[in-house]
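# Structural characterization, general
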Amino acid sequence: MRGINVMPNQSELWRPSCSIENLKKRAKIIQTIRRFFDDRDCLEVSTPLLSQFGNTDPNLDSFIVEQSGYLNTSPEFHMKRLLAAGSGAIYQICSAFRFEEQGVRHNSEFTMLEWYRPLWTMDQLMQEMIELLHQIFPKRDVQVLTYQQALYNATQLDLEQVTVAQIEQTAKALLKSEIPENLSKDELLDLLFCTVVEPSLPKDVWCFVTQYPASQAALAKKIINENGVEVAMRFELYSQGLELANGYWELTDWQEQHQRFKADNKQRIEQGKSEVKIDTLLVEALKHKMPQCSGVALGLDRILMLALDENNIEKVISFDTRRA
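Residues numbered from 1 in each chain as written. Predicted model: local features only at pLDDT ≥ 70, side-chain atom pairs only at ≥ 80, totals over all residues. Heavy atoms only, no water.

A separate point is the packing of helix 1 (residues 20–39) against helix 3 (residues 122–136). At a minimum axis distance of 10 Å, the contact between helix 1 and helix 3 shows a crossing angle of 140 degrees. Between helix 1 and helix 3, the angle falls in the class oblique. For the element pair helix 1 and helix 3, the recorded crossing hand is right-handed. Between helix 1 and helix 3, the residues in contact are Ile29, Thr32, Ile33, Phe36 and Phe37 and Glu128, Glu131, Leu132, Gln135 and Ile136, respectively. A class-by-class count of the residues in the contact of helix 1 with helix 3 yields six nonpolar, two polar and two charged. (Axes fitted to C-alpha atoms, helices over the stretch in contact; angles between N-to-C directions. Helix = DSSP H or I, 4+ residues; strand = E, 2+ residues; numbered from the N terminus. Parallel < 35°, antiparallel > 145°, perpendicular 65-115°, else oblique. Left-handed = near helix turned anticlockwise from the far one by under 90°. Contact = heavy atoms within 4.5 Å. Nonpolar A, V, L, I, M, F, W, Y, C, P; charged D, E, K, R; others polar.)

At a minimum axis distance of 9 Å, the contact between helix 2 (residues 76–84) and helix 8 (residues 280–287) shows a crossing angle of 25 degrees. Between helix 2 and helix 8, the angle falls in the class roughly parallel. With respect to the hand of their crossing, helix 2 and helix 8 are arranged in left-handed fashion. Judged by residue contacts, Phe77, Lys80, Arg81 and Ala84 of helix 2 engage Leu281, Leu282 and Ala285 from helix 8.

By way of backbone hydrogen bonds, the strands of a sheet pair with one another, either parallel or antiparallel. Spatial ordering of the open sheet is given by 2-4-3, a layout of three strands whose pairing is antiparallel. Either end of the sheet is taken by a strand with one partner, and the two such strands are strand 2 (50–51) and strand 3 (64–65). (Pairing = 2+ DSSP bridges.)

A word on helix 5 (residues 164–175). Over its 12 residues, helix 5 extends 16 Å from the first C-alpha to the last, a length consistent with the 16 Å expected when each residue adds 1.5 Å. All of the buried residues in helix 5 are Ile167, Thr170 and Ala171. Along the axis of helix 5, the buried positions cluster into a sector of 105 degrees, meaning they face one direction only. Facing away from the buried side of helix 5 by more than 90 degrees, the exposed set consists of Ala165 and Gln169. (Expected span 1.5 Å × (residues − 1). Buried < 20%, exposed > 50% of the residue type's maximum accessible area, 1.4 Å probe, protein only. Arc of directions from axis to C-beta.)

As a further point, take the nonpolar core. Among the nonpolar cores identified, the biggest contains 38 residues, and Phe37, Leu113, Trp115 and Met129 are the most heavily contacted of them. Examining the composition of this core, we find that seven residues originate from one element, helix 3, more than from any other. With residues up to four places along the chain from it excluded, the contact list for Trp115 reads Phe37, Ile90, Tyr91, Leu125, Glu128, Met129, Leu132, Ser294, Gly295, Val296 and Leu298. (Core = buried A, V, L, I, M, F, W, Y, C linked by side-chain atoms within 4.5 Å.)

In this section: the pairing of strand 5 (residues 90–97). Two faces, one strand: in a regular strand the side chains alternate between the faces of the sheet. Burial within strand 5 is extensive, with seven of its eight residues counted as buried. Summarising the sheet, strand 1 (residues 43–44) and strand 5 pair through two bridges and their orientation is parallel. Bridge pairing in strand 5 places Glu44 opposite Tyr91. Across eight bridges, strand 5 lies against strand 6 (residues 109–118) in antiparallel orientation. Looking across to strand 6, one finds that Ile93 is bridged to Leu113.

It is worth spelling out helix 3 at this point. Across its 15 residues, helix 3 extends 22 Å between first and last C-alpha, which sits within 8% of the 21 Å expected from 1.5 Å per residue. Listed in full, the buried residues belonging to helix 3 are Met122, Leu125, Met126, Glu128, Met129, Ile130, Leu132 and Leu133.

The next point concerns the side chain of Asn107. Counting through the fold element by element, Asn107 comes out in the loop between strand 5 and strand 6. A distance of 2.8 Å separates a polar side-chain atom of Asn107 from the backbone oxygen of Glu109. There is a polar contact of 3.0 Å between the side chain of Asn107 and the side chain of Thr321. Contact partners of Asn107, with chain neighbours within four places excluded, come to Gln102, Ile313, Ile317, Asp320 and Thr321. (Polar contact = N/O pair within 3.5 Å; in protein donor to acceptor, adjacent residues only side chain to side chain.)

Going through the model one piece at a time under the given rule, you end up with zero disulfides. Cys18 forms no disulfide, and the closest cysteine sulfur to it belongs to Cys94, at a distance of 19 Å. Given a relative accessible area of 6%, Cys18 falls into the buried group. Here Cys293 stays unpaired: no disulfide links it, and the sulfur of Cys42, its closest cysteine neighbor, is 11 Å away. (Disulfide = S-S within 2.5 Å.)

Given below as structure tokens:
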């Protein structure tokens, strides 16, 4: 899906970025989503958008609100605290905020659908995602690839054997350009995945990519897979060239989570970014024994782009950042 953001005339900035007709279609789809979860005894919750803690993930940058804290990059940490308090299955539709480049697929404020299923496996959650999507879209095939398979299909690189030098050489050859110096293995893999692998994924199916490198676990558990390799139990969903969702078999070990937060901040400093205040309340919630569960965050605006056949995110939200 392609598009270009054109700056509207200043005198027209008061107008919504999408049509009223699309707003009506958006409302109906959100009603469908709420009905889906209500019928499955999944509790709708509302958690703070403004938090005293930010997200340490080096790949995400929070908006800092002076004297108040951070705008949430997702409702994840608060929802996990609800799980630890005994909420059971929960979902939320809310705004999230990420300080990143604006574009046809990105808006600084966007709508996220996030939900958690205690005692569910990742496979069970992926199946429920497909059942939800079939409420919105005509049925389409599902394909599941491991990260290793997707990387090999697009680049011929074997993730289990490849060296940093080989990844760098392949990136230069495939991108036909110079790349930044001194990138780490994960940074090189991210570059290849975004620019080469993602565009190569099948377009007309729901394509799940699973078993990410253990070094990219984020907030997911790690396991030893059938090949004896440690991998992260996370998945991403793609369709029509869009990344739509990111899900985990959730990490529940508070000590490991705290260590990951500290490692994130160390990496942020190495990248020239500022440290982010670690969410000690989430760590305390994990100490209280959050149940084993799987959870997923789905970019609702991107789902709407597909459903309404729009190639620009501003066409499915009432006011994009330039008009806010």
